Amino acid sequence: MSMTWYIGRRLAWALLASFIIMSVTFGFLTASPNPATSTVAWEAAQEGDNPEDAIETYEQTRGEDRPLREQYVDFMVSMYTLDWGDSYTYDTDVMGVISNSWVYSALVVIPSTIIAVVVGFAVGIYSSTHQYTKSDYAATFFAFFGISVPNFWLSIMLILVFGVMLQWLPTSYSPDSSMAFWSLEHVKYLIMPIFVLTTAAVASEMRYARAETLEYVNAEWVKSARAKGVSEWRIMYHHIFRPATPVLITILVADFVGIIFSTAYIVEVIFGIPGLGLVSYNALIRMDTPLVLATTLVPVILAILANLLQDILYTVLDPRISYEARN
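Rules and cut-offs
- Residues numbered from 1 in each chain as written.
- Predicted model: local features only at pLDDT ≥ 70, side-chain atom pairs only at ≥ 80, totals over all residues.
- Heavy atoms only, no water.
- Helix = DSSP H or I, 4+ residues; strand = E, 2+ residues; numbered from the N terminus.
- Buried < 20%, exposed > 50% of the residue type's maximum accessible area, 1.4 Å probe, protein only.
- Contact = heavy atoms within 4.5 Å.
- Areas by Shrake-Rupley, 256 points an atom, 1.4 Å probe, with all protein chains shown as cover.
- Lys, Arg positive; Asp, Glu negative; His and termini not counted.
- Charge placed at Lys NZ, Arg CZ, Asp CG, Glu CD.
- Phe/Tyr/Trp six-rings, centres within 6.5 Å; stacked < 30°, edge-to-face > 60°.
- UniProt positions renumbered as here; feature names shortened; annotations may be inferred.
- Expected span 1.5 Å × (residues − 1).
- Arc of directions from axis to C-beta.
- 1 Å grid on protein atoms, 1.4 Å probe; cavity = no way out; pocket = protein on both sides within 12 Å on 5 of 7 lines; lining within 4 Å.
- Points joined across faces, edges and corners; volume = space filled by probe spheres on them.
- Axes fitted to C-alpha atoms, helices over the stretch in contact; angles between N-to-C directions.
- Left-handed = near helix turned anticlockwise from the far one by under 90°.
- Nonpolar A, V, L, I, M, F, W, Y, C, P; charged D, E, K, R; others polar.
- Patch = residues over 30% accessible without salt bridge, like charges linked within 9 Å, V, L, I, M, F, W, Y side chains within 5 Å.
- Salt bridge = Lys/Arg side-chain N within 4 Å of Asp/Glu carboxyl O.
- Core = buried A, V, L, I, M, F, W, Y, C linked by side-chain atoms within 4.5 Å.

So, the overall build of the protein
Summing up its helical and strand segments, the protein has 12 helices and 2 strands in all. Along the chain direction, N to C, the helices and strands of the protein fall in the order α-α-α-α-β-β-α-α-α-α-α-α-α-α. Overall size of the protein, expressed as C-alpha extent along the three principal axes, is 90 × 60 × 35 Å. Relative to its full complement of 327 residues, the protein shows a buried share of 42%. Contacts spanning at least 24 positions in sequence make up 72% of the contacts within the protein whose residues lie at least 6 apart. Carbon and sulfur atoms provide 66% of the accessible area of the protein, an area that totals close to 18,100 Å². Across the protein, the 17 positively charged side chains and the 29 negatively charged ones have centroids separated by 23 Å.

Quick look at the packing of aromatic side chains
Tallied over the full model, the rule gives 7 aromatic pairs. An aromatic cluster is defined as three or more aromatic residues linked by ring pairs; in this entry it consists of Tyr104, Tyr173 and Tyr189.

A word on the UniProt feature "transmembrane region" (unreviewed entry) in the protein
When the UniProt feature table is mapped to this numbering, "transmembrane region" (unreviewed entry) covers residues 12–31, 102–126, 138–166, 186–203, 244–271 and 291–317. The annotated region residues 138–166 carries 90% helix and 0% strand content, and the separation between its end C-alpha atoms amounts to 28 Å. Secondary structure content for residues 186–203 is 100% helix and 0% strand, while the C-alpha to C-alpha distance between its ends is 27 Å.

Concerning helix H4 (residues 68–80)
The end-to-end C-alpha distance of H4, which contains 13 residues, comes to 19 Å, matching closely the 18 Å that a straight helix rising 1.5 Å per residue would cover. Inspection of H4 places Gln71, Phe75, Met76, Ser78 and Met79 among the buried residues, and these make up the whole buried set. Considered in projection along H4, the buried side chains sweep an arc of 165° and stay on one side of the axis. Once H4 ends, the next one or two residues include Leu82, with phi positive near 60°.

Some points on the layout of surface pockets
Considering only enclosed or pocket space, the largest pocket measures out at about 270 Å³ in volume. Leu29, Thr30, Glu64, Gln71 and Thr289 are, among the 15 residues lining the largest pocket, the residues nearest its centre. Only helix H1 (3–31), helix H3 (51–62) and H4 provide two or more residues apiece to the lining of the largest pocket.

Here we look at unusual backbone geometry
Although it is not a glycine, Tyr132 adopts a positive phi angle of roughly 65°. Along the chain, Tyr132 turns up in the loop between helix H5 (94–129) and helix H6 (134–148). Residue Tyr132 is classed as exposed on the basis of its relative accessible area of 57%. At Gln167, a position not held by glycine, the phi torsion is positive, near 55°.

Some points on the packing of helix H7 (residues 151–165) against helix H8 (residues 184–217)
Contact geometry of H7 with H8 gives a least axis separation of 10 Å together with a crossing angle of 145°. Crossing handedness for the pair H7 and H8: right-handed. Across the interface between the two elements, Asn151, Leu154, Ser155, Leu158, Ile159 and Phe162 from H7 touch Met192, Phe195, Val196, Thr199 and Ala200 from H8. Taken together, the residues of the contact of H7 with H8 sort by class into 8 nonpolar, 3 polar and no charged.

Brief notes about the packing of H5 against H8
At their nearest, the axes of H5 and H8 sit 5 Å apart, and the two run at 35° to each other. For the pair H5 and H8, the sense of crossing is right-handed. Within the contact of H5 with H8, the residues separate by chemical class into 20 nonpolar, 9 polar and 2 charged.

Quick word on a nonpolar patch on the surface
Together, Phe152, Trp153, Ile156, Leu160, Val161, Val164, Met165, Leu166, Trp168 and Ile266 line one region of the surface with nonpolar side chains, adding up to about 990 Å² of accessible area. Looking at which element gives the most residues to the nonpolar patch, the answer is H7, with 7 residues. With respect to the helices and strands, the residue Val161 is situated in helix H7. Since its relative accessible area comes to 34%, Val161 is described here as partly exposed.

Some words on the nonpolar core
Nonpolar side chains tend toward joint burial in soluble globular proteins. Counting 21 residues, the largest nonpolar core has Met22, Met79, Trp84, Val94, Ile98, Leu291 and Leu293 as the members making the most contacts within it. For this core, the secondary-structure elements that each account for two or more residues are H1, H4, H5, helix H11 (276–285) and helix H12 (289–317). The residues touching Met22, leaving out its near neighbours within four places in the chain, are Met76, Met79, Leu293, Thr296 and Leu297. Of all hydrophobic cores here, the second largest spans 19 residues; its members include Val108, Ile194, Leu197 and Val267.

Quick word on a negative patch on the surface
A cluster of acidic side chains, namely Glu43, Glu47, Asp49, Glu52, Asp53, Glu56 and Asp65, defines a negative patch on the protein surface. Of all the elements, H3 adds the most residues to the negative patch, at 3 residues. Examined against the element boundaries, Glu47 turns out to sit in the loop between helix H2 (35–46) and H3. Given the relative accessible area of 61%, Glu47 is considered exposed.

Laid out in structure tokens, this is it:
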């Protein structure tokens, strides 16, 4: 089986998976009550108008007075043709909202991922080569702490300590409009969100790196290299880290997607960062159907592509793995 055929099959599965997820999301949104209709009816009653007429007008404006089947077909076609319509919340096109918000998500996700990879892999490898020492126990304790502590709790504690009590850092993301985007003052708003994301990610990468490299610490070729007088740094990089690279890189892809679509979403909501997470949260609260479906489709596509990249990296980095075996 060629790589082209393998990728084609995975992309076909990606289309099917995104279709199922989008259909389920549309079904949930349709079945959920819309609190905005109550607000519209209340406002109409306050002004002496007929609440039922106001609700009918509201639904006509949003196209919700049409048959459900027609709404479903229109939404699915528009999703796959990238004609995602306008957001009711932001009063602009959905593509514009997403293109403006992903930058803020990237501001916290990319630095967190880089720090997590560098620190997590380095500490994990050091811990594996110094197994059952005090430094190994300290690293293991930090890893379990980082994995166990809830991100929302850590975020709130940081806000209370460094934002409210010590007043060293701002409690939420609210930079002045005159503030330069690339400035140290702006960085202050990102320190706590990046720290929260990095804590969980470093712990995860460190545990993976330690577990994977332990397999090679006592390998015959490592003992042979030490007998020949090879330096410990060269042994650590060439004889321990490199054989573990395929597994670690593929794990990194999955973790990166996890950081974006789980932890980062929560952190953005808590700190008020106007990224994809906060946009998606506001869209759900206000029943902004086009924006909800778009912010659902984007992570679904990225997650599927990340899994595809993960499978391809397996076969590229380790030629012993065949495409047939992946099926």
